Amino acid sequence: MSAAAPAPGEPSPAARALGFLREARAPSRQERRRKSAYVVYLVALFAVFWAGPLLAAAARAGGRGDWHGETARLVTAALPSIVPALFALTLLLMARNAAWRGPVRVDLPTVHWLLPLPIARGPLLLPRLRAAALRSALAGSAVGAVLGYVVHVAGAGGPVPLTAAGAWAGLVTALTGVGAGVLVERWGYRGRTFGAGCAAVACGVGFLPLWSGPWGWAAQPLVAAAGHGGPWPVGAGLAAVCAAGATAVAWRVAPLIPAAALRARATLASQVTASLFALDLRQTRSTVRGPRRGRARPWARLPMPRRRWLLVPWRDATGLLREPGRLVWGALWAGAAVWLCGQAAQGGRRQVALGVLALAAGYLAAAQFVEPARLESDDFRRAAGLPYSFRALALWHAVLPGALLGVLTGGAALVLWTPGHAALLGAVPALVGGALVSAYRGAVPVEVLLGGETPLGNSGPVQAVLWYGRGAVCAVASSAPLLLLTVRQHTLPPTPLALLLLAGAVMLGWGGAVAGRLHGEPRRRVLATARARLLTLLG
């Protein structure tokens, strides 16, 4: 027999159940409100004691004309391209965030107890969407207002119009991003298509950036207030319609989000929180990227190698072809390294900073190319069938990144033929070795986190930062003096080049040693393997 329908004016069973739950969870709701109030207090404290003085100092510097240089003029002239690209990147990041977290979030008790019950989803999920939209709107408006104010300090226009236009741009971009995040929660993440579209728009390929989509429409009032003109009311109206439409669609779609999607995001959020408290950034990264991994297929297939020594580079190349975004980012960082090295060769007060930044960009390019080694360090079973020790395998993983980075920087050295670019090419082994050290670092040891007591406090946080960044720091520090010496003397003697290559050999050897220690490879086994291979080579 079916249950009797409620009498007129009597609440439905679902409403009674939600009312009971609201009363039962009142203490926990009050606790969440106290935590939220504490977070608001911290943000206000930061704004009063840090952000406010910094903005005031920036205003005084702008009033004196300290920021009105050639760089500021170039940035101001490029605002019609920079601002839409920035907003497109913001939308992309919000969509990527929704792949594992999303604007509509529920806690684990709600997932395990409430979602399986036959109750209406709207009263359960829509308040969470409302709160997420409010938080995003406030944060977006604040960040946009700061962006507009900084543009004013650079000498682009008046403070009030730019600040108001920046706040408007941040508001509509945030609301549009919330709508995109709800759609990702409902139908899944298609990061390649969305990311490729945003990248094409950001580069202005085939489109006018200011009219290419919501990111350009939102930017038009800010760009117009900076002195570029244009029919910005039309763009502002289109941005408002897009934000309102995205919010309305999100409001209708939120109750239709599958329970499996909510359950997966609640679980992932708890795992990410736990890994962050444990300072296990590798686990955090793996957890966040997990939902975005599909059945990746290489966009180009390489033939099987006929030589055994080509096996590991072939595997690495196939793995990178499955994630072409890493190849693109690696090429972009390598291009940035070449450009910064060329700027450092022109001399000036910023020569040291530009040289260090060039090496840092080269390291970031190498870090993109060693992703197969990083995946293998997370799961050493991937290398179980290979006839190499872990130390030797780490060095084999350096072949393809070294070749890619060498071709990119070597091409610049051949075209430009400057000693600085030749030194940058000589620093490739050290940069790849530093990237291997970071790829095989594993989880932070407990003794590093504990640290020791000093007159300045516990050394654990500083030790953890140094432990995580030791590969990058050592790679840049070992190459920077020789690169700067070459740039200043406008020549590359054999001695600095030999020292660069020696530093590269040391860094590569360190990467192999870190790989061996990560997987517990005994020293005796390493020596026995090396001895057996030497005897094989000698016949």
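Residues numbered from 1 in each chain as written. Predicted model: local features only at pLDDT ≥ 70, side-chain atom pairs only at ≥ 80, totals over all residues. Heavy atoms only, no water.

A. Examining the overall build of the protein more closely. Secondary structure assignment for the protein yields 24 helices and 2 strands. The buried share among the 539 residues of the protein stands at 39%. Carbon and sulfur atoms provide 69% of the accessible area of the protein, an area that totals close to 29,100 Å². (Helix = DSSP H or I, 4+ residues; strand = E, 2+ residues; numbered from the N terminus. Buried < 20%, exposed > 50% of the residue type's maximum accessible area, 1.4 Å probe, protein only. Areas by Shrake-Rupley, 256 points an atom, 1.4 Å probe, with all protein chains shown as cover.)

B. Main features of the confidence of the model for the protein. Of the residues in the protein, 82% have a pLDDT of 70 or more, and the chain-wide mean is 79. Note that pLDDT drops below 50 for residues 191-206; the model gives that stretch 17 contacts with residues more than four away or on any other chain. (pLDDT = per-residue confidence, 0-100. Contact = heavy atoms within 4.5 Å.)

C. Representation of helix H4 (residues 79-98) within the structure. In this model H4 runs 28 Å from its N-terminal to its C-terminal C-alpha over 20 residues, within 8% of the 28 Å that 1.5 Å per residue would give. Residues of H4 that are buried include every one of Leu 79, Val 83, Pro 84, Phe 87, Ala 88, Leu 91, Leu 92, Ala 95 and Ala 98, and no others. (Expected span 1.5 Å × (residues − 1).)

D. Region of interest: the pattern of salt bridges. With the rule as written, the count across this model stands at 4 salt bridges. Among the ionic pairs, Arg 374 bridges to Glu 371, the shortest N-O distance being 2.6 Å. Here Arg 374 pairs with Glu 371, and both are found in helix H16 (residues 371-378), just 3 residues apart, close to one helical turn. Accessibility assignment for this pair places Arg 374 and Glu 371 in one class, buried. Several salt bridges converge on common partners, so that one network encompasses Glu 323, Arg 326, Glu 371 and Arg 374. (Salt bridge = Lys/Arg side-chain N within 4 Å of Asp/Glu carboxyl O.)

E. Broad picture of the packing of helix H20 (residues 428-439) against helix H22 (residues 460-489). Packing of H20 against H22 brings their axes to within 7 Å, and their N-to-C directions diverge by 170 degrees. It follows from the interaxial angle that H20 and H22 lie roughly antiparallel. On H22, the residues that touch Ala 430, Leu 431, Gly 434, Val 437 and Ser 438 of H20 are Tyr 468, Arg 470, Gly 471, Ala 472, Ala 475, Ser 478 and Ser 479. (Axes fitted to C-alpha atoms, helices over the stretch in contact; angles between N-to-C directions. Parallel < 35°, antiparallel > 145°, perpendicular 65-115°, else oblique.)

F. Spotlight on the environment of Trp 100. Note that Trp 100 resides in the loop between H4 and helix H5 (108-114). Accessibility expressed as a relative area gives 11% for Trp 100, which makes it buried. Considered as a pair, Trp 100 and Glu 185 are 85 residues apart in the sequence and their alpha carbons are 8.6 Å apart.

G. Focus on the environment of Arg 128. Here Arg 128 lies in helix H6 (residues 122-153). Here Arg 128 falls in the partly exposed class, since its relative accessible area comes to 23%. When the C-alpha positions of Arg 128 and Val 104 are compared, they lie 5.8 Å apart, and in sequence the two are 24 residues distant. Those residues in contact with Arg 128, other than ones at most four positions away along the chain, are Pro 103, Arg 105, Val 106 and Thr 110.

H. Seen up close, the packing of helix H15 (residues 351-369) against H22. The geometry of H15 relative to H22 is characterised by a closest axis approach of 9 Å and an angle of 135 degrees between their N-to-C directions. One finds that H15 runs oblique with respect to H22. In the crossing of H15 with H22, the sense of the turn from one axis to the other is right-handed. Contact residues: H15 offers Gln 351, Val 352, Gly 355, Val 356, Leu 359, Ala 360 and Tyr 363, while H22 offers Gly 471, Ala 472, Val 476, Ser 479, Ala 480, Leu 483, Leu 484, Val 487 and Arg 488. Residues belonging to the contact of H15 with H22 are distributed by class as follows: 11 nonpolar, 4 polar and 1 charged. (Left-handed = near helix turned anticlockwise from the far one by under 90°. Nonpolar A, V, L, I, M, F, W, Y, C, P; charged D, E, K, R; others polar.)

I. Layout of the side chain of Asp 316. Mapped onto the fold, Asp 316 is located in helix H13 (residues 311-322). Although buried, Asp 316 forms no salt bridge, and the nearest oppositely charged side chain, Arg 315, lies 5.9 Å from it. For Asp 316, the side chain forms a polar contact with the side chain of His 397, separated by 2.9 Å. Setting aside residues up to four positions removed in sequence, Asp 316 forms contacts with Pro 372, Trp 396, His 397 and Leu 400. (Lys, Arg positive; Asp, Glu negative; His and termini not counted. Polar contact = N/O pair within 3.5 Å; in protein donor to acceptor, adjacent residues only side chain to side chain.)

J. Up close: the nonpolar core. By size, the foremost hydrophobic cluster in this structure holds 45 residues, and its most contacted members are Val 83, Phe 87, Val 104, Leu 129, Val 182 and Leu 262. Elements with a minimum of two residues in this core: H4, H5, H6, helix H7 (159-187), helix H9 (214-228), helix H10 (232-253) and helix H11 (259-277). The residues contacting Phe 87, other than those within four sequence positions of it, are Leu 147, Ala 169, Thr 173, Trp 215, Ala 218 and Ala 219. Listed in part, the 22 residues of the second largest apolar core include Ala 334, Ala 365, Ala 398 and Ala 430. (Core = buried A, V, L, I, M, F, W, Y, C linked by side-chain atoms within 4.5 Å.)

K. Inspection of H16 at higher detail. Along H16, 6 of the 8 residues are buried, which leaves the element largely enclosed by surrounding structure. Within the sequence span of H16, burial applies to Glu 371, Pro 372, Ala 373, Arg 374, Glu 376 and Ser 377.

L. Layout of the side chain of Arg 265. Tracing the backbone through its elements, the reader meets Arg 265 in helix H11. The exposure class of Arg 265 is buried, given its relative accessible area of 10%. Looking at Arg 265, its side chain comes within polar contact range of the main-chain oxygen of Ala 98, at 2.9 Å. Filtering out sequence-adjacent residues up to four positions away, Arg 265 remains in contact with Ala 98, Ala 99, Trp 100, Arg 101, Val 184 and Glu 185.

M. The arrangement of the environment of Pro 103 in detail. Along the chain, Pro 103 turns up in the loop between H4 and H5. The spatial distance from the C-alpha of Pro 103 to the C-alpha of Glu 185 is 8.5 Å, given a sequence separation of 82 residues. Those residues in contact with Pro 103 that lie beyond four places of it in its chain are Ala 98, Arg 128, Ala 132, Val 178, Gly 181, Val 182 and Glu 185.

N. Molecular detail of a nonpolar patch on the surface. A cluster of nonpolar side chains, Tyr 38, Tyr 41, Leu 42, Leu 45, Phe 46, Val 48, Phe 49 and Trp 50, forms an exposed patch at the surface whose accessible area comes to about 900 Å². With respect to the helices and strands, Leu 45 occurs in helix H2 (residues 26-64). (Patch = residues over 30% accessible without salt bridge, like charges linked within 9 Å, V, L, I, M, F, W, Y side chains within 5 Å.)

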